[in-house]
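Structural features, examined
Each chain, letter by letter, is given below.
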Amino acid sequence: MLRQRVITALLLAPLVILLILYLPTDFFAVALAVAFLAATWEWTRLAGMKNRVNRGILVGFAAVVFVVLWLLRASTLLWPALIVAGVAWWLLACVWLRHFAFGAAPTAENRNLKLLAGALVIFPAWVAGVNIHAGESHGHAWVFLAMLLVWAADTGAYFAGRFFGKRKLAPNISPGKTWAGVYGAFVASALVILVGGWLLGVRDARLIGLVVVAIVTVASSIVGDLLESLMKRHASVKDSGALFPGHGGLLDRLDSVFAALPVFALGKLLLGL
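Since the model is a prediction, treat every value here as computed from it, not as a measurement.

With that settled, the discussion passes to the confidence of the model for the chain. Put simply, the chain has an average pLDDT of 91, and 94% of its residues get 70 or more. Mean pLDDT per element in the chain: helix α1 (residues 2-22) is the minimum at 79, and helix α3 (residues 52-71) is the maximum at 96.

Next comes the structure, spelled out in structure tokens:
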């Protein structure tokens, strides 16, 4: 399984990096929306929607929302408000994780609750990603750095958890995660942001602020991962899909990214970068 995961990652990573760094923001927004719509399809399944036609209608509605958000991108209030709403949602998600049995029953009310949660997961993340990418100062590189934080955190968490992990982080939700993995993720992301921030010209006190932003971003990415794990446990499935060998579905690859992007975007704005 590890070998399969590594091969898949080595094939996908160059494509993702090229799309981030070289696509104009208009096309990047479309590419990101397509990926997020595919993840939305998987989310509807985890939420408990069984009818494929209804799931398709909901994904189509999400596509319309992306178009409307793009047309309203010049608004000085809407996009920042959505980024803040995204950050607020992930704080609320922490409460849900503490009460992990909440919403588990396969009722219409719980299904609708999870669909609403999906909207708060997907739309703020898209707005945050496009907003960072459109930045006048190295916007494409900043998006790449945000993604690199998530990838580095995953790697740091894997090795720290494998060699030092004893105390479980959330055994009732994701038994494989440990506190040692969390600390490994923090260390790896701090090193990445120090190098990345320096290369992007942040060489004053704001570099320390970036380290704080990176750690909070990674903490939120862990919450995103745990929330998707919770959804899968409620749905009694191992993976959100089978699109990537060894990696599961697209939602399995994007769960951390959904949580990281709004937090990173807000931190970057607060630092004036």
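Okay, the pattern of salt bridges next. Applying the stated criterion to the full structure yields four salt bridges. Where Asp225 meets Lys177, a salt bridge forms, and the shortest distance between an N and an O atom there is 3.3 Å. Placement of Asp225 in helix α8 (residues 206-235) and of Lys177 in strand β2 (residues 174-178) is noted, with a sequence separation of 48 residues between them. Asp225 sits in the buried class, given a relative accessible area of 16%. Of the charged contacts in the structure, one is a salt bridge between Lys232 and Glu228, with a shortest N-O distance of 3.7 Å. With Lys232 and Glu228 both in helix α8, this residue pair falls four residues apart, about one helical turn. Overall, Lys232 belongs to the buried group, its relative accessible area being 12%. Several salt bridges share partner residues, and in doing so they unite Glu228, Lys232 and Asp252 into one network.

With that out of the way, let us pick up the environment of Pro80. The residue Pro80 is located in helix α4 (residues 78-98) in this model. Taking the relative accessible area as the measure of exposure, Pro80 reaches 36% and is therefore partly exposed. In the structure, Pro80 is positioned 47 residues away from Val127 in sequence and 8.6 Å away in space, judged by C-alpha atoms.

This part takes up helix α2 (residues 25-47). The periodicity of an α-helix, 3.6 residues per turn, causes residues three or four places apart in sequence to face the same way. Taking 1.5 Å per residue as the helical rise, α2 with its 23 residues ought to reach 33 Å, and the 31 Å between its terminal C-alpha atoms agrees with that figure. Backbone geometry just after α2 places Gly48 at a positive phi near 115°.

Membership of the largest hydrophobic core comes to 76 residues, with the highest contact counts inside it found for Phe36, Trp90, Trp126 and Phe258. In terms of residue count, the dominant contributor to this core is α8 (12 residues). Ignoring any residue separated from it by four or fewer positions in sequence, one finds Trp90 in contact with Val121, Val223, Gly224, Leu227, Phe258 and Ala259.

Turning our eyes to something else, we now look at the packing of aromatic side chains. Evaluation of the coordinates by the stated rule reveals 11 aromatic pairs. Relative to Trp126, the ring of Trp79 lies with its centre 5.8 Å away and its plane at 65°, an arrangement referred to as edge-to-face. With Trp79 in helix α4 and Trp126 in helix α5 (residues 108-133), the pair connects residues that are 47 residues apart, well separated along the chain. Taking relative accessible area as the criterion, Trp79 reaches 5% and is therefore assigned buried. According to the relative accessible area criterion, Trp126 is buried, its value standing at 2%. Ring centres of Trp89 and Trp96 lie 6.4 Å apart, and the angle between their planes is 75°; on these two criteria the pair is classed as edge-to-face. Trp89 gets classed as buried once you look at its relative accessible area, which sits at 7%. A residue is classified by how much of its surface remains accessible, and Trp96, at 8% relative accessible area, is buried. Joined through ring pairs, the aromatic side chains of Phe66, Trp79, Phe123 and Trp126 make up one cluster. Between Arg55 and the ring centre of Trp41, over which it is positioned, the NZ or CZ distance is 4.0 Å. When the ring centre of Trp70 is taken as reference, the NZ or CZ atom of Arg73 above it lies at 4.1 Å.

Cut-offs applied
- Residues numbered from 1 in each chain as written.
- Predicted model: local features only at pLDDT ≥ 70, side-chain atom pairs only at ≥ 80, totals over all residues.
- Heavy atoms only, no water.
- pLDDT = per-residue confidence, 0-100.
- Helix = DSSP H or I, 4+ residues; strand = E, 2+ residues; numbered from the N terminus.
- Salt bridge = Lys/Arg side-chain N within 4 Å of Asp/Glu carboxyl O.
- Buried < 20%, exposed > 50% of the residue type's maximum accessible area, 1.4 Å probe, protein only.
- Expected span 1.5 Å × (residues − 1).
- Core = buried A, V, L, I, M, F, W, Y, C linked by side-chain atoms within 4.5 Å.
- Contact = heavy atoms within 4.5 Å.
- Phe/Tyr/Trp six-rings, centres within 6.5 Å; stacked < 30°, edge-to-face > 60°.
- Lys NZ or Arg CZ within 6 Å of the ring centre and 35° of its normal.

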